[in-house]
Amino acid sequence: MKIFTKLTSLLLVIAVFFGIFALPVAAADASAEDEIVDDPIVARMYVGHNERYRSLSGHTWIYIENLTDHSIQVGAYTVKKGKGVSVGTFGTSLADGVGLYYNVEAWRYRNYDVTEYIHLSKEITQSQLEIVSNKIINGGTWSYILNCAYFAFGVWNSVPGKPLIFLFFPTLHELQILLYMSHGAGIAMTVPKSDEIFKQIGKGDDAFLVVTDPSFVEDDA
């Protein structure tokens, strides 16, 4: 236990170290984006983390909220105006198996108290949304090593903002988010209908969505 505690502390220090030095770069990139006049803000992106029992298990995902008066594309999913979509990878806890899913978190956490999970958020422009969308539709990798946070942090870091380092352990991901003073509790996610919950099949131009059963084999992800 002492060895695990020391390892956890060391990894957290490493995360903070790299996060501090990454911030100026992200800020510089953000300034460059401000110079693009015809690149309006179109969405707000969240990275959410749920670790209800402060254990070795947890779940990290992306939620994208449409801020425009028209539909936008997020991966293989079309988000209507005023709506949003959650995107995340799952392993063996979903009946349909390993893969990339849309709206599972929005359905699963619909009755959760806002204090049961945390998030960071940032507004993104049209060009940034295209980068994020491309990252999503070509992502979806999941394994016991490259878990849900690997996908979520990869999408989050694909555009400028507060950096997050993938360190495998859910507790370290939670602590990274909590280190930022701008973190918040809960996300007001659009609750999907039963036919708006999907699994992505394939990647890139070959990707398509199939309606999926959001039921969980086990309640731990």
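Anyway, here's the lowdown on the structure attached to this text. Bear in mind the structure is a predicted one, so any value in this text is a computation, not a measurement.

1. Notes on the sheet that holds strand β1 (residues 41-50)
(1) Moving on: A sheet is described by the order of its strands in space; here eight strands give the open sequence β8-β7-β1-β2-β5-β6-β9-β10, paired in antiparallel fashion. With one partner strand each, in any of the chains shown, β8 (184-185) and β10 (208-211) form the two edges of the open sheet.
(2) Moving on: Bridge count between strand β2 (residues 59-66) and strand β5 (residues 84-90): four bridges; the pairing is antiparallel. Paired with I64 across the strands is V85, a residue of β5.
(3) Moving on: Contacts from helix α4 (residues 148-156) reach β1, β2, β5, β6 (99-102) and β7 (118-125), with the element oriented near 35° to β2.

2. Digging into the pattern of salt bridges
Between side chains of opposite charge, a pair can form as their charged atoms come close.
(1) Moving on: Evaluation of the coordinates by the stated rule reveals two salt bridges.
(2) Moving on: Residue E65 pairs with R44 through a salt bridge whose shortest N-O separation is 3.2 Å. You can see E65 sitting in strand β2 and its partner R44 sitting in strand β1, a full 21 residues away along the chain.
(3) Moving on: The exposure class assigned to R44 is partly exposed, which follows from its relative accessible area of 22%.
(4) Moving on: Between E123 and R44 there is a salt bridge; the shortest N-O distance is 3.1 Å. Taken as a pair, E123 in strand β7 and R44 in strand β1 lie far apart in primary sequence, 79 residues in all.
(5) Moving on: Take E123: its relative accessible area is 41%, and that puts it in the partly exposed class.
(6) Moving on: By sharing partners, the salt bridges in this structure join R44, E65 and E123 into a single network.

3. Remarks on the side chain of T60
(1) Moving on: Residue placement: T60 occurs in strand β2.
(2) Moving on: Taking relative accessible area as the criterion, T60 reaches 1% and is therefore assigned buried.
(3) Moving on: There is a polar contact of 2.9 Å between the side chain of T60 and the side chain of H49.
(4) Moving on: Excluding its chain neighbours within four sequence positions, the residues that come into contact with T60 are V47, G48, H49, C148, A149, A152 and F153.

4. Notes on the pairing of β5
Each regular strand displays side chains that alternate between the two surfaces of the sheet.
(1) Moving on: The buried fraction of β5 amounts to seven of the seven residues, a majority that puts the element mostly inside the structure.
(2) Moving on: Both faces of β5 are covered, namely the face carrying G84, S86, G88 and F90 and the face carrying V85, V87 and T89.

5. So, the nonpolar core
(1) Moving on: M45, V74, Y102 and I136 are the most contacted members of the largest nonpolar core, which totals 33 residues.
(2) Moving on: When residues of this core are assigned to their parent elements, the largest contribution, five residues, is made by α4.

6. Describing unusual backbone geometry
(1) Moving on: A positive phi angle, close to 75°, is found at N103, a residue other than glycine.
(2) Moving on: Assignment of secondary structure puts N103 in the loop between β6 and α2 (104-108).
(3) Moving on: Judged by relative accessible area, which is 1%, N103 ranks as buried.
(4) Moving on: In this structure, F168 takes a positive phi of about 75° despite not being glycine.
(5) Moving on: Inspection of the secondary structure assignment puts F168 in the loop between α4 and α5 (170-179).

Rules of the game
Residues numbered from 1 in each chain as written. Predicted model: local features only at pLDDT ≥ 70, side-chain atom pairs only at ≥ 80, totals over all residues. Heavy atoms only, no water. Pairing = 2+ DSSP bridges. Helix = DSSP H or I, 4+ residues; strand = E, 2+ residues; numbered from the N terminus. Contact = heavy atoms within 4.5 Å. Axes fitted to C-alpha atoms, helices over the stretch in contact; angles between N-to-C directions. Salt bridge = Lys/Arg side-chain N within 4 Å of Asp/Glu carboxyl O. Buried < 20%, exposed > 50% of the residue type's maximum accessible area, 1.4 Å probe, protein only. Polar contact = N/O pair within 3.5 Å; in protein donor to acceptor, adjacent residues only side chain to side chain. Core = buried A, V, L, I, M, F, W, Y, C linked by side-chain atoms within 4.5 Å.

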